[in-house]
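# Observations on chain architecture
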Amino acid sequence: MCSAVLTKDALAVFREGFTGTIVLPADPSYDEARRVWNGMHRREPALIARCASASDVSAALRFVRAAGLPVTVRGGGHNVAGTAVADGAVMIDLSLMRQVVVESRDRVAYAHGGCLLSDLDRATTPHGLACPAGVVSHTGLAGLALGGGYGWLARKWGLTCDHLLAAEVVLANGSIVQTRQHPELLWALRGGGGNFGVVTRFTLRLREVGPVHHRVGLYPLKDAVAALAWYRRFAAEQTTDMHVVGALKIAGDHTWVPAGLRGEPVLMLTAVWLGAPEEGPAAVASLFEAAPPAASANRVMSYAELQALGDHGEPHGNRYFTKSRYLAALPADSIDGLVAACADLRSPLSSIDFEYLRGAICDVPDAESAFPGRDAPYICTASAQWLDPADDRENISWARNTMARVAAQPRSGAYVNYLQDEPPGRVREVYGETRYRKLADIKRRYDPDNVFRANQNISPRSDQPEWPYMRQECQP
Ligand code: FAD
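In this report, we go over the structure that sits alongside the text. (Residues numbered from 1 in each chain as written. Predicted model: local features only at pLDDT ≥ 70, side-chain atom pairs only at ≥ 80, totals over all residues. Heavy atoms only, no water.)

### Considerations on the site of the ligand
Gly75, Gly77, Thr83, Tyr150 and Tyr415 are the nearest of the 33 residues found near the ligand. Measuring from an oxygen atom of the ligand, one finds a backbone N or O atom of Gly77 at 2.6 Å. At 2.8 Å from a nitrogen atom of the ligand is found a main-chain nitrogen or oxygen belonging to Val199. In isolation the ligand exposes 950 Å². Once the protein is present, 96% of that is buried. Elements supplying a minimum of two residues to the shell around the ligand: strand 3 (71–74), helix 6 (141–147) and strand 10 (198–205). With 4 residues, helix 6 is the single largest residue contributor to the shell around the ligand. Within the shell around the ligand, the residues separate by chemical class into 15 nonpolar, 16 polar and 2 charged. (Near = heavy atom within 4 Å. Polar contact = N/O pair within 3.5 Å; in protein donor to acceptor, adjacent residues only side chain to side chain. Areas by Shrake-Rupley, 256 points an atom, 1.4 Å probe, with all protein chains shown as cover. Helix = DSSP H or I, 4+ residues; strand = E, 2+ residues; numbered from the N terminus. Nonpolar A, V, L, I, M, F, W, Y, C, P; charged D, E, K, R; others polar.)

Rendered as structure tokens:
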């Protein structure tokens, strides 16, 4: 089908006035250009349109629609479900569009649609400013912001989508609009994902951020249950200047880790202090007073450095599978289950990550954005990571089984950006009926034909199921 519609003539017309780069399967750069972060998804698009402007995006959408081809949109290429790439589709790739302009006096950044978080942080940090975003700096801003955006600053200032003041959007019919004239579109972009158009420029509110105090502590698995019970109490008592996260994982080969713990399953707790600098050392140390770790390390660093700390642990090209959900509580049986799952890790690269949320995330009135689940106290994610395709089945099963250990909890919510392996109807369930219907109404107005469906999909017809995209390649 693809070779039938991608005729020389059609391509020649498309190339006229397109200022970016068009990559076809026969081109030497094709193999690199089609890659996304998760090595599980080696799909083969019919064409990659590497856009350099909103006009290029518009031209690409008109071309796609005339040709009757499916479309995907690539921001940073990090979605674990690989939604940026599909076999036989046209990929609208924004990776040439990474400019950021900071207006420090107004505390606003203008970031183009293909920015990575590192592009944004590099531009804002010299001004002592930051936009709250995720914790791995090679993640794309677009997918993260449109689905929500948790990170170190979320408890203090809110989610990335809460900082989205305006956007330039290319709609499914190719028209370029500003959300100033479309307030309901802006509402939908704050948590509704990539369902409504291609965002070519984000206007983001910035916050003042100075150097941060950072302390980690490691516990051997035999001490993890007690340490987690303490973490649960400590986290809930903190002001929003403090963010504490945990991970069950294999200890790395760092100089500060005792030889006996390297390569062993451990609990790692991390405290980050964003308040008055003089209070930092005591504040981050307080996490470890009642539960002394076997090893710990302490640093003061810039926000941009903090953002890059997690980069090396989740490199491009490895195989990844994620199961994630919000938890209403962290009761003793869930703690036992998660610690047992860590003892049962199938890959030294995998981890179980969890954090206490709340704070400013819940201060935003629920009706103000499309983002669901603001009141969730915890998010917990089994992140399987491995190298060999022969190990797919074992690692996917580990992640599924890990989250099944906490499945007895009543809350069924999940973070839309982590949805990968879900049954039909899950997206609707995650948004909730009322919010989903409102999103479907907006979708019908801006994308009635569901052109933007390679995502955590909202169907324009709320009586129809969403596009079943997220289970590809996940069936062991
Ligand atoms: P892509 O794969 O490029 O795109 C995903 C989807 O977003 C696309 O299918 C499309 O629907 C949409 N999209 C992308 N660009 C655009 C655009 N310009 N306009 C319209 N739609 C677009 N999330 C957090 O909240 N906090 C974290 O700390 C965090 N850490 C992460 C760490 C890693 C290593 C990874 C892999 C993911 C992390 N995430 C985190 C999840 C992240 O938010 C999602 O994976 C998100 O989809 C990544 O965005 P992207 O642009 O890189 O994705």
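### A short note on the packing of helix 9 (residues 224–236) against helix 12 (residues 332–343)
With their axes 10 Å apart at the nearest point, helix 9 and helix 12 run at an angle of 135° to one another. Classified by the interaxial angle, the pair formed by helix 9 and helix 12 is oblique. The hand of the helix 9/helix 12 crossing is right-handed. The segment helix 9 lies against helix 12, with Ala224, Val225, Leu228, Ala229 and Arg232 engaging Ala332, Ile335, Asp336 and Val339. By residue class, the composition of the contact of helix 9 with helix 12 is 7 nonpolar, no polar and 2 charged. (Axes fitted to C-alpha atoms, helices over the stretch in contact; angles between N-to-C directions. Parallel < 35°, antiparallel > 145°, perpendicular 65-115°, else oblique. Left-handed = near helix turned anticlockwise from the far one by under 90°. Contact = heavy atoms within 4.5 Å.)

### A short note on the nonpolar core
Counting residues in each nonpolar core, the largest one holds 45 residues, and the members touching the most others are Tyr231, Val244, Leu248, Leu267, Leu287, Ile352 and Trp398. In this structure, Tyr231 is in contact with Val244, Val245, Gly246, Leu269, Leu330, Phe354, Glu355, Tyr356 and Tyr378, ignoring residues within four places of it in sequence. (Core = buried A, V, L, I, M, F, W, Y, C linked by side-chain atoms within 4.5 Å. Buried < 20%, exposed > 50% of the residue type's maximum accessible area, 1.4 Å probe, protein only.)

### A short note on the pairing of strand 8 (residues 164–170)
Counting buried positions along strand 8 yields 5 of 7 residues, so the element is predominantly enclosed. One ladder, built from 6 bridges, connects strand 8 with strand 10; its direction is antiparallel. Bridging across to strand 10, Val169 finds its partner in Val199. Note that strand 8 and strand 9 (residues 176–178) share 3 bridges and pair antiparallel. By the bridge assignment, Val169 is partnered in strand 9 with Val177. Here strand 8 folds back onto strand 9 in antiparallel fashion, the turn holding 5 residues, of which Gly174 has a positive phi close to 95°. (Pairing = 2+ DSSP bridges.)

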